[in-house]
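Structural overview
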Amino acid sequence: MKQPVRTTMSDFIKTTMGSQFVIPVYQRNYTWRPEGETARLCNDIESLLQNHKATHFLGILIYTDTDIASLYKEIQIVDGQQRLTTIFLLLLALLRVAKEKKDMDHVGLIEDYYLYNRHAVKNARMRLKPAVDRDDTYAHLVYDSYADLDRVQRETNVYRNYEYMYDRLLTLCKTYSIAKVLEALSRIDILAFPLSESDNAQEIFEAINSTGEPLTSADLIRNSILMNDASDVQERNYSLYWQPLEKMIPDTHRLEEFFRYFLASKTYSLPTRRDTYEAFKAWWRGSTLSKEEKMRDVARYCRYWMAIYSGPYEEENVEAALNDFRYNESRMPASFFMEMLNLRQEGKISAIELEHVIRLIDTYLTRRALLGLDTAPLARYFPQLLRSVMSSFALRHADIFEITKLLINYNRGRSLSMPTDGQIRTAMKETNAYALLCIRPVLERIEHYGATAQVDTTHLNIEHIMPQHPNDWWRKNSGAANEEEYTFYANLIGNLTLCAEYDNTRMGNENFSYKKKVLAKTM
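To start, this report covers the structure provided alongside it. Model, not experiment: these values are computed from the prediction. (Residues numbered from 1 in each chain as written. Predicted model: local features only at pLDDT ≥ 70, side-chain atom pairs only at ≥ 80, totals over all residues. Heavy atoms only, no water.)

**Digging into the overall build of the chain**
For the chain, the count of helices and strands is 25 helices and eight strands. The C-alpha atoms of the chain give a radius of gyration of 31 Å, which is well past the 24 Å a tight globule of 523 residues would have. Dimensions of the chain along its principal axes, counting C-alpha atoms only, are 95 × 60 × 35 Å. Split into buried and exposed, the 523 residues of the chain put 50% on the buried side. For the chain, contacts bridging at least 24 residues in sequence account for 70% of all contacts bridging at least 6. Charged side chains in the chain number 65 positive and 70 negative. The centres of these two groups are separated by 1 Å. (Helix = DSSP H or I, 4+ residues; strand = E, 2+ residues; numbered from the N terminus. Rg over C-alpha atoms; globule rule 2.2 N^0.38 Å. Buried < 20%, exposed > 50% of the residue type's maximum accessible area, 1.4 Å probe, protein only. Contact = heavy atoms within 4.5 Å. Lys, Arg positive; Asp, Glu negative; His and termini not counted. Charge placed at Lys NZ, Arg CZ, Asp CG, Glu CD.)

Structure follows, in structure tokens:
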């Protein structure tokens, strides 16, 4: 790393005239808020205006610079994009105030020294180029067309901070001149760290951000894929491969979850959340695919993930099986299912085989849930099952359903076995079904079984036919010898059903004949 330099933010911007600051696409979104960090910055500026000898240290700015042309450099911001972006928004807000005050001398100064490269090629005229997904809002502000912003753009942090600082500056400029405000900005210090070609920008980025708001594995994966390319390549890869992932799975923690199971499908081992990034790097380095092919691979498996958990899948019989599986709300077989969908995509298995495999795994999970068996080992079991299935399939090219069924049944008598029909029958005669976590999705599936049309069960409640708190009629007619026996029968699966809340209230503790009439018409 080259020697860091303590300078002012104002001088740092002015002395790099002709250059463009680029916020890379791998950086996190702009997150400063008017009620938080931006308000504190404005308070600090007000303090500088009140004390002409004071300075304020804003923080560290780490960057790399690349010569693009003889008079033009691209300066990529590795750390400090929140601070730099906010200062540029502040300058834009100050420019607006200067224009409204008809202070054209300072309008020209702010435009020429801070905001524009007037003689650069078109795409380099803005001194700051935000990450691509924030371009439009910032560009509207730079080119004085903020009135054209739509509602969504006006709700962004970029616009909200701009409007907040404009209001603060309007108030300040009733007391202080624009020249004084600019002078105060010249007393905001930063520590500028230029990186050399030998520095590993990714490692430095990770080390810096390890002490701030925690990065998820998905954040780190995005950075490692995009960081070391030129900005135009970064933007291409972001638009083609990464942005579609973020559109499918906007929440970075959910995206991290996808990567865990993606890696499990590739390596047959499910990494912990903490180890996901290191596992991804190991897979990335060890894969013989090109970078482009690996990015395509990730994007393809993300589409499989969405087909599994959101749907719809393009083949009707497979979608019907997946729709039933979604009642389980289980991520555990995700690695297995993604690889099965990939085999189908490659034409190596039929839609019927895929449907049968999904229904087999669905049955396996549901039966284990009805028996209240421990689910913790299953997340790591499915990658191992996948390894065995893929190995057998490569050797025998037999029906993949039969291979999967054989391997699941191989566990017979072990802790990970498929429960038998007999075990299910016995359990349903003895188990407090009302206490099972899976009971609602099981009842919903019973409700939908054989139905000619889908029924919306979202707003239905679980009803005990024999009420939990019996009246005299139920005590007399239930056949239970005592209260303990009554409670036992009341919580068996045969006594549970789904019904509308209104009907549930109507039935209360009424007798069985009345309840049958209500339930015949419910929903």
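**Side note on the environment of tyrosine 502**
As for its placement among the helices and strands, tyrosine 502 is situated in helix H24 (residues 501-507). Taking the relative accessible area as the measure of exposure, tyrosine 502 reaches 60% and is therefore exposed.

**Here we look at the nonpolar core**
Within the largest apolar cluster, 77 residues are counted, with the highest numbers of intra-cluster contacts made by Phe258, Phe259, Phe336 and Met340. At 10 residues, the largest contribution of residues to this core is made by helix H14 (residues 291-309). Setting aside chain neighbours within four positions, we find phenylalanine 259 in contact with Ala218, Ile221, Trp242, Leu245, Thr276, Phe280 and Val298. Core analysis: the second largest hydrophobic core is formed by 58 residues, Ala131, Tyr138, Val158 and Ala192 among them. (Core = buried A, V, L, I, M, F, W, Y, C linked by side-chain atoms within 4.5 Å.)

**Quick look at the environment of arginine 380**
Topologically, arginine 380 is positioned in helix H18 (residues 378-396). In this structure arginine 380 comes out as partly exposed when scored by relative accessible area, which is 40%. Along the backbone, arginine 380 and serine 335 are 45 residues apart, and their C-alpha atoms lie at a distance of 9.9 Å.

**As for the packing of helix H13 (residues 276-286) against H14**
Where H13 meets H14, the closest approach of the two axes is 10 Å, and the angle between their N-to-C directions is 135°. With respect to each other, H13 and H14 are oriented oblique. In the packing of H13 onto H14, the handedness of the crossing is right-handed. Facing H13, whose interface residues are Phe280, Trp283 and Trp284, H14 presents Lys291, Lys294, Met295, Asp297 and Val298. Broken down by class, the residue content of the contact of H13 with H14 amounts to five nonpolar, no polar and three charged. (Axes fitted to C-alpha atoms, helices over the stretch in contact; angles between N-to-C directions. Parallel < 35°, antiparallel > 145°, perpendicular 65-115°, else oblique. Left-handed = near helix turned anticlockwise from the far one by under 90°. Nonpolar A, V, L, I, M, F, W, Y, C, P; charged D, E, K, R; others polar.)

**A word on the pattern of salt bridges**
This model, assessed by the stated rule, comprises 31 salt bridges. Between glutamate 235 and lysine 129 there is a salt bridge, with the nearest N and O atoms lying 2.8 Å from each other. Pair noted here: glutamate 235 is in helix H11 (residues 231-248) and lysine 129 is in strand S5 (residues 128-129), with a separation of 106 residues, a long-range link. Here glutamate 235 and lysine 129 have matching classes, each one buried. Salt-bridge contacts for glutamate 292 lead to arginine 296; the nearest nitrogen and oxygen are separated by 3.9 Å. Here glutamate 292 pairs with arginine 296, and both are found in helix H14, just four residues apart, close to one helical turn. Among the residues examined, glutamate 292 registers a relative accessible area of 22% and is labelled partly exposed. Through salt bridges that share partners, Arg96, Glu100 and Glu163 make up one connected network. (Salt bridge = Lys/Arg side-chain N within 4 Å of Asp/Glu carboxyl O.)

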